[in-house]
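Understanding the architecture of this molecule
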Amino acid sequence: MNKQYLKKLLIIAVPIMLSNVISQLQMIIDRIFLGRMDPYYMTALGNVTSTMWTTMSFCFTIVMGASILISQSVGAGDRENVEKYAAAMVKWNNVIPVALFFFWMFCGEWVFSLMGVAENVMPMCLGYSRFFAPVFLIVGIESSFSVIMQTSNYTKPLIFYGVVRAGLNVLLDWLLIFGNWGFPRLGIEGAAIATTIAEYAGCLFAFVVVLYNKALKTKPSFGSILKAPILPFLQSVKLGINAALEDFAWNLGNLLIIRILNSISDMAAGIYSIVFSVEVLVVVVIGSIGNGTLTLSGEAKGSNDVKQFKGVCAIAYLLCVAVSVVTLIVCLIFPEQILGLFTKEQEIITGCGVFLTLVCLNLYGKSANIIIGSGIRGSGNTRWMFLTQILGTVMVVSFAAFFVYVLKLGMLGVFLAVIVDEGVRALINLGKLKSITRKWEPNND
């Protein structure tokens, strides 16, 4: 019954998926290079990426409100609103990222001190963050371009965007981390420089695509961008702020988890970073399906088509379950080979196998939250997911602290807390999604 929505979903999701997988593979290669050079680099990356991504993801998720409003306008056939919201997004979506650039340039040490970063790891964190901070200057325009492609149901350029960015990043990593071909041997700072240069190259590619591609039906005109008032952007922010705060709450929980890990040992955050590098590669696949779900559920809401809304959510989750099953099988068969990519320390490889399995089991609850959450947001309700994420943050940190400090389970307690959090929230969010469709169905007769 829901197969009719599979093609629509894949048209949007697959290019995003390929682009994100390419980017994640580049990040994994980055971690492999650094982890095999110095295991403490992984601890530094665990602290830096978790803190900086907390602020960067806020910039990416706040445009979700614009994405929802544009998708609903497309579904309703309202071209005037499409132009209005898209133009305001492109013009005004750069203010917060620029402010964050200055924050990370001058306040990084304060943040890492709060995180409990060890004295021997602090210089690595500061070196990476200061060379990576310029990426914030282009985050606003990158996220706007992504929304335009997604709401136009034309995401193919994102594949080439991912190839350009990731290919250049890996090459520069090899040159600047290790000092090959006469380049200076910069270690973790070289990784940050490589990523920053690659991000700017990718942004330039995306700019050219958006400027000249006529298939982007939600692209605003240059004139409307110049004249765009701030009010439509604030309207989209009002809707998107819940999604951004939801993401911030999740990242805050992750930061507190890293803080707990830092109290266990100097290497605990690094081990956590290694294991979740595997999960993140899978989550970008699931998240891409979630992006397609958000767009199509938003269109369904705009056209008042409850059948499409329910069908898209159902087929999307089935796809995610299939991805999760494959991941679990691969990790059960090849745990040492996978973990051995990130470190040469045999003790770490041997001890992390059970953590890898737990992370794979966590994918089922995480998939449900991503897909169900996308459907709930597509209906226009972004506040609900923010509220359940607050509950989740309190729950995961509380359970992690209890398991680690009271039951003395060490790192195992952290992974168990994460599984409990995702599972409980998945059941709560499923109940909300069913409530939305029950209220909607009578209006669709």
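Right, let's walk through the structure included here.

1. Overview of a nonpolar patch on the surface
A surface patch of nonpolar side chains, amounting to about 610 Å² of accessible area, comprises Val325, Val326, Ile329, Val330, Leu332, Ile333 and Phe334. Mapping valine 325 onto the fold places it in helix H13 (residues 306-333). Accessibility expressed as a relative area gives 35% for valine 325, which makes it partly exposed.

2. So, the environment of valine 394
Along the chain, valine 394 falls in helix H17 (residues 383-406). Between the C-alpha atoms of valine 394 and glycine 253, which are 141 residues apart in sequence, the distance is 7.5 Å.

3. Quick notes on helix H12 (residues 268-302)
The end-to-end C-alpha distance of H12, which contains 35 residues, comes to 47 Å, matching closely the 51 Å that a straight helix rising 1.5 Å per residue would cover. Along H12, the helix axis deviates most sharply at serine 277, where the bend reaches about 30°. Most of H12 is tucked away, with 28 of its 35 residues classed as buried. Directly beyond the C-terminal end of H12, a positive phi value near 60° is found at asparagine 304.

4. Quick word on the side chain of glutamate 142
By the element assignment, glutamate 142 lies in helix H7 (residues 136-151). Buried and without a salt bridge, glutamate 142 has arginine 165 as its closest oppositely charged side chain, separated by 4.6 Å. Look past the residues within four positions of glutamate 142 in its chain and what remains in contact with it is Phe60, Tyr161, Glu199 and Cys203.

5. Re unusual backbone geometry
Here asparagine 153, not a glycine, exhibits a phi torsion of approximately 55°, which is positive. Within the secondary structure, asparagine 153 sits in the loop between H7 and helix H8 (157-178). In this model, lysine 408 sits at a positive phi of 60°, which is unusual for a non-glycine residue. With respect to the helices and strands, the residue lysine 408 is situated in the loop between H17 and helix H18 (411-440).

6. Structural notes on the pattern of salt bridges
Under the counting rule described, the total for this entry stands at six salt bridges. We note a salt bridge from arginine 377 to glutamate 246, for which the minimum N-O separation is 2.7 Å. A residue pair is termed long-range when its members are at least 10 positions apart, and arginine 377 in helix H16 (residues 353-378) and glutamate 246 in helix H11 (residues 231-264) qualify at 131 residues. Exposure class is identical for arginine 377 and glutamate 246. Each is buried. We note a salt bridge from arginine 425 to aspartate 421, for which the minimum N-O separation is 2.9 Å. Here the residue arginine 425 and the residue aspartate 421 both occupy positions in helix H18, the gap between them amounting to four residues, near one helical turn. Taking relative accessible area as the criterion, aspartate 421 reaches 4% and is therefore assigned buried.

7. Notes on H13
Under the 1.5 Å per step criterion, the end-to-end length of H13 is 42 Å for 28 residues, consistent within 8% with the ideal 40 Å. Residue aspartate 305 occupies the N-cap position of H13, its side-chain oxygen lying 3.2 Å from the main-chain nitrogen of lysine 307.

8. Regarding the nonpolar core
By size, the foremost hydrophobic cluster in this structure holds 71 residues, and its most contacted members are Phe112, Tyr128, Ile188, Leu261, Tyr272, Met411 and Phe415. Residues within four places of phenylalanine 415 in sequence aside, it is in contact with Tyr272, Val275, Phe276, Phe355, Leu358 and Val359. Residues Val82, Ala87, Ala244 and Val312 belong to the second largest nonpolar core, which totals 51 residues.

9. As for the packing of aromatic side chains
A ring pair, where both rings are aromatic, is described by two values, the distance of the centres and the angle of the planes. Counting across every chain of the model gives 14 aromatic pairs. Relative to phenylalanine 276, the ring of tyrosine 272 lies with its centre 4.4 Å away and its plane at 45°, an arrangement referred to as tilted. Taken together, the residues tyrosine 272 and phenylalanine 276, both in helix H12 and four residues apart, mark about one turn of the helix. Tyrosine 272 gets classed as buried once you look at its relative accessible area, which sits at 7%. With a centroid separation of 4.7 Å and an interplanar angle of 10°, the aromatic rings of phenylalanine 355 and phenylalanine 415 are classed as stacked. Here phenylalanine 355, found in helix H16, pairs with phenylalanine 415, found in helix H18; they are 60 residues apart in sequence, far enough to count as distant.

Criteria and cut-off values
Residues numbered from 1 in each chain as written. Predicted model: local features only at pLDDT ≥ 70, side-chain atom pairs only at ≥ 80, totals over all residues. Heavy atoms only, no water. Patch = residues over 30% accessible without salt bridge, like charges linked within 9 Å, V, L, I, M, F, W, Y side chains within 5 Å. Areas by Shrake-Rupley, 256 points an atom, 1.4 Å probe, with all protein chains shown as cover. Salt bridge = Lys/Arg side-chain N within 4 Å of Asp/Glu carboxyl O. Helix = DSSP H or I, 4+ residues; strand = E, 2+ residues; numbered from the N terminus. Buried < 20%, exposed > 50% of the residue type's maximum accessible area, 1.4 Å probe, protein only. Expected span 1.5 Å × (residues − 1). Bend = angle between axes of the 7 residues up to and from the residue. Lys, Arg positive; Asp, Glu negative; His and termini not counted. Contact = heavy atoms within 4.5 Å. Polar contact = N/O pair within 3.5 Å; in protein donor to acceptor, adjacent residues only side chain to side chain. Core = buried A, V, L, I, M, F, W, Y, C linked by side-chain atoms within 4.5 Å. Phe/Tyr/Trp six-rings, centres within 6.5 Å; stacked < 30°, edge-to-face > 60°.

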